[in-house]
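Topology and contacts: notes
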Amino acid sequence: MFCSEKKLLEVERKVKANDREYNEKFQYADNRIHTSKYNILTFLPINLFEQFQRVANAYFLFLLILQLIPEISSLTWFTTIVPLVLVITMTAVKDATDDCFRHKSDNQVNNRQSEVLIDGKLQNEKWMNVKVGDIIKLENNQFVAADLLLLSSSEPHGLCYIETAELDGETNLKVRHALAVTSELGADISRLAKFDGIVVCEAPNNKLDKFTGVLSWKDSKYPLNNEKIILRGCVLRNTSWCFGMVIFAGPDTKLMQNSGKTKFKRTSIDRLMNTLVLWIFGFLVCLGIILAIGNSIWEKQVGDQFRSFLFWKEGEKNSVFSGFLTFWSYIIILNTVVPISLYVSVEVIRLGHSYFINWDRKMYYSGKATPAEARTTTLNEELGQIEYVFSDKTGTLTQNIMTFKKCSINGRIYGEVQDDLGRKTDITKKKEPVDFSVNSQAERTFQFFDHNLMEAIKLGDPKVHEFLRLLALCHTVMSEENSAGQLIYQVQSPDEGALVTAARNFGFTFKSRTPETITIEELGTLVTYQLLAFLDFNNIRKRMSVIVRNPKGQIKLYSKGADTILFEKLHPSNEDLLTLTSDHLSEFAGEGLRTLAIAYRDLDDKYFKEWHKMLEDANTATDERDERIAGLYEEIERDLMLLGATAVEDKLQEGVIETVTSLSLANIKIWVLTGDKQETAINIGYACNMLTDDMNDVFIIAGNTAAEVREELRKAKENLFGQNRSFSNGHVVFEKKQQLELASVVEETITGDYALVINGHSLAHALESDVKNDLLELACMCKTVVCCRVTPLQKAQVVELVKKYRNAVTLAIGDGANDVSMIKSKRTLTQWGMLHTWSPRGAHIGVGISGQEGLQAVLASDYSFAQFRYLQRLLLVHGRWSYFRMCKFLCYFFYKNFAFTLVHFWFGFFCGFSAQTVYDQWFITLFNIVYTSLPVLAMGIFDQDVNDQNSMDYPQLYQPGQQNLLFNKRKFLICMAHGIYTSLALFFIPYGAFYNAAGEDGQHLADYQSFAVTMATSLVIVVSVQIALDTSYWTVVNHVFIWGSIATYFSILFTMHSNGIFAIFPNQFPFVGNARHSLTQKCIWLVILLTTVASVMPVVAFRFLKVDLFPTLSDQLRQRQKAQKKARPLHSRRPQTRRSSSRRSGYAFAHQEGYGELITSGKNMRAKNLPPTSGLEKTLYNSTSWIENLCKKTTDTVSSFSQDKTVKL
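Residues numbered from 1 in each chain as written. Predicted model: local features only at pLDDT ≥ 70, side-chain atom pairs only at ≥ 80, totals over all residues. Heavy atoms only, no water.

Per an unreviewed UniProt entry, the protein chain is named Phospholipid-transporting ATPase, and its organism is Equus caballus. Taken from UniProt, the Sequence similarities (unreviewed entry) comment for the protein chain reads in full: "Belongs to the cation transport ATPase (P-type) (TC 3.A.3) family. Type IV subfamily." (UniProt positions renumbered as here; feature names shortened; annotations may be inferred.)

Okay, here's the thing in structure tokens:
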């Protein structure tokens, strides 16, 4: 508590380098982290306190206290304490195990080694012993121990490179640079030891992208920002060494400041169970009141007549008070209608389902050795109820691996394959790719199938050479050589990597750069260009340019960018070429390729000098600096000569088309939320069949004001619903119930397929309170929704909108840090042992894909896997099975407990409402935790109506979960009625059979103990037969558990009624010899048989008639499985049709502003090449073409069912 109060008071931090004594007076936290909750002394009290905060546990503790009161307890204390202790012990063991892992993780991190400057020399210290103000030395590939102020590094200008995947999920390298005054310290230990600068900065906070502070040293002050800070959790890359001063340590670091308490998601079945438990408790109270009133009446009218025979004093017992005590007695007896084992069983079943996901080999991605992982155990059944999927595009639907596929140069397309007659054909495996073996610098994984481009290069086509020269010069790529002498590119965006690699393979190899020069190898000849200016990319310009002087002295401007922007800058003489290239771009865009236009300009030396002088003046200006620079860029980037265009493929992941088709057939709506440009998102939508040319209409909302957006939505709704429908005018906000009723009515009237595409700026207006209902109404009527250029916050807002007003179960899937807000964290345990929590918004279920953008989405997710196609199996197989199993489990569980408990209610009318139990107390104790626990667990874990292949082949099987048909309030009432009927049969059939009956030996049968044993035996057999009828999928485990439970019952029964155990515990086992006496008589077994038949036959008859007269799709498939166990029909491949497309720009460029300035400053130029680092320099591009990828895909078998929806048996 003291530490937390101290932190609240900390407004700013003051740290002095190399002075622990000075810093200790501020009581800053050390570098030890604690994410564990308990220790040996605190585990028991804290864990018990946490467990009894749960309503169920507190309820059973209350019952236990009641049972300790002799006046009202008709059951001994062990009937409640045994199951309660068992549940609490199991939960405590689980919590202790989890905390052991946290301790282990903490110790692993705290005991890592760092080199710390102490007393003038470097010493190895554990991380937990590092203090604020210490100076630490980091080496290449080391994790950063604390939040550091970078002092110096091995790189020029005090630069260092870091990887921040643990913080933001991004794997591309970030640059940090030290102050010039401290970078001079270098690696001189004596100078570093004398460094006594004082840093005054902000207090600890969780803002990863912001830092403000001031360094005071040698009577001067130097401002500090985020570019000078290296955060804990980063990894030093491509930098031999660096020194840093600890600013924040341990819990004060920004990484740990982002940790928080676990927030658990609850499923709709959880919420329904809580409601039903309240219903049951109310039902229990009603039963107690009825029996209490009966007891009062009985005491008044009957009890007084024989009280004298019991040696009671007249008038000692009041009938009303007796009824009051009886109420509590029956609350104790009937409490098993809400068994404590229910909650434990649910958690065990969910744990089993999670392991099935983890163990599923069909969701294992061998390419990265990545299995599927269920990162939570509480949401499995909700995977079977998904109605909306919100998906990122890049890296989720696509691979985020860019491959150069085609180009248009001087009006001719290169990259297409033609047959002998000159007709365009598809690429097949038999087609030979271009042979790049003569080029020693070529990237071996690069494939290109059009040999005409190589012929043009060999023939010396000047336009082709200029085109490839531009690709090799106009970029921000950095190059280096590894130890094997191979050229390695460090790319800031995968688009650039694809273009530079293509130029490299065609003989124009980018070799190296300095702040003033760019060196390339042109067809074997090294050529050095003087870099005169770099006109950097930004999201407004949507282009980048370089101005270079070639060895002949000519000045050239090379530019690449969005066609819509660059075409406006062309010289009028390019009109014919522009028309031809525009047609080519339309073709490329129609194939879903990402395009860039390519152009150049020859510059006059005098003109360039004048322009460069103006640029220098603008750079030193204090007023309107950015505007003046932008104007000069516009000035020189005009009258360009068009060279052509590039087409890069961001490959669809394998199986995306099949997955999207299958999920659509399952009535799951897919919304794509992406930061990419509208044209690119639309192209990908067409490529993966979310959008089709067969759609009735695709509505595009692109208004720049709220009024424009409202008008576009109104027109779209008029088109969708027709003119005769009245709409809200955008100013009426529906109540939730009215909104849902309207949407459900309208949805039934919509015919045809529609899609909605909306831009980020339009979405910002559409999410306003007076428009969002119109947006939601329109979007939910569309088959597909694509939101482009959206921010992470907007992604979360869209998900929240659907969650709030549609009352539908949602799932969000993504692979990057920008997807975290819509995925939302449940619990994320990183290697730091910390728990992440994120935005309060987010989907019901978050799925992370371990792709090219780091692990942040995975760390924030509930489920993770490596490929989008596994979503189909996760939902249609594991999700549907989990929902199916959980519903069957709950139906059976409530049924058997009503049947078990309500016998006491009927018995009350025959025992004077005395709260006498009808069963042996040990039977009451063991019924739920021994006799019936394992069979229902086996059914809940292993049962399946149809196998996994049929679940995938027939997505329509998924719809009952969406409609919540298998377990709801109506189903609960049916289970309740079933249980009540069974309890009536269990009580009244033995009661009637025993009434005035005699045994085979002529003795009376109607003693209490024989009656109790007969009913208990009947109950165990009835519920076992019932679960056998409920089980659809038999395994060895089911057989062992069901029949083993019956055997266990009889073995325990005979043991507890034996003479031996009675001799040891005479007070605890009073039913001595009864089992042997009762169960050796034939009439008892006939009663048990009659009871079983009477209880089960109505169910058998009803189910037989239902399956025969009204079979569901699941029933039909189950019959088909039985009839065709061996042979499975082969499904025909669905033909892939190429789509003709209207003109759509495919421009998309994943580039960030600022790298041009970094290159021209020379700060990121290294003095020497470093050896390669731990897998960072990976080959970025996959050589397999998209067409070949499609050929490998398995066909979607749902087509067979969609063509013939009647399954013939």
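Resuming the write-up.
This brings us to the sheet that holds strand β32 (residues 784-788). Within the open sheet, the nine strands sit side by side as β14-β35-β34-β33-β15-β29-β32-β31-β30. Their pairing is mixed. Strands with a single pairing partner mark the edges of an open sheet, and in this sheet they are β14 (373-374) and β30 (697-701). (Pairing = 2+ DSSP bridges. Helix = DSSP H or I, 4+ residues; strand = E, 2+ residues; numbered from the N terminus.)

Under the counting rule described, the total for this entry stands at 41 salt bridges. In this structure, arginine 594 engages aspartate 495 in a salt bridge whose closest nitrogen and oxygen atoms are separated by 3.1 Å. Of this pair, arginine 594 sits in strand β27 (residues 594-603) while aspartate 495 sits in helix α15 (residues 494-505), placing them 99 residues apart in sequence. Just as arginine 594 is buried, aspartate 495 falls in that class too. Residues joined by salt bridges that share partners form a network here, namely Glu466, Arg469, Glu522, Lys556 and Asp602. (Salt bridge = Lys/Arg side-chain N within 4 Å of Asp/Glu carboxyl O. Buried < 20%, exposed > 50% of the residue type's maximum accessible area, 1.4 Å probe, protein only.)

If you want to describe how two helices pack, look at the angle between their axes and the distance between the axes. In the contact formed by helix α34 (residues 969-994) and helix α35 (residues 1008-1030), the axes pass within 10 Å of each other and the chain directions differ by 145°. Regarding α34 and α35, the two cross each other, and that crossing is right-handed. Across the interface between the two elements, His978, Thr982, Leu986, Phe987, Pro990, Tyr991 and Phe994 of α34 pack against Ser1010, Phe1011, Thr1014, Met1015, Ser1018, Leu1019, Val1022 and Gln1026 of α35. Its residues assigned to classes, the contact of α34 with α35 comprises nine nonpolar, six polar and no charged. (Axes fitted to C-alpha atoms, helices over the stretch in contact; angles between N-to-C directions. Left-handed = near helix turned anticlockwise from the far one by under 90°. Contact = heavy atoms within 4.5 Å. Nonpolar A, V, L, I, M, F, W, Y, C, P; charged D, E, K, R; others polar.)

Moving on to the pairing of strand β25 (residues 543-549). Counting buried residues in β25 gives six out of seven residues, a clear majority hidden from the surface. Here strand β24 (residues 525-535) pairs with β25 via five bridges, running antiparallel. Opposite leucine 535, over in β25, you have serine 545 as the bridge partner. Connecting β25 to the antiparallel partner strand β26 (residues 555-561) that follows it, the hairpin turn spans five residues, and glycine 553 within it adopts a positive phi of roughly 90°.

Mapped onto this structure's residue numbering, the UniProt feature "binding site: Mg(2+)" (unreviewed entry) falls at Asp392, Thr394, Asp815 and Asp819. One can find aspartate 819 in the loop between β33 (809-814) and α27 (820-823). On the accessibility criterion, aspartate 819 (0% relative accessible area) is buried. Those residues in contact with aspartate 819, other than ones at most four positions away along the chain, are Asp392, Lys795 and Gly814.

All chains considered together, the criterion is met by 59 aromatic pairs. Ring geometry for tyrosine 22 against phenylalanine 26: centres 5.7 Å apart, planes inclined by 70°, an arrangement best described as edge-to-face. What makes phenylalanine 26 partly exposed here is its relative accessible area of 28%. Directly above the aromatic system of tyrosine 28 lies the positively charged group of arginine 13, at a separation of 4.0 Å from the ring centroid. Across from the ring centre of phenylalanine 893, 4.2 Å away, lies the NZ or CZ of lysine 896, which sits over that ring. (Phe/Tyr/Trp six-rings, centres within 6.5 Å; stacked < 30°, edge-to-face > 60°. Lys NZ or Arg CZ within 6 Å of the ring centre and 35° of its normal.)

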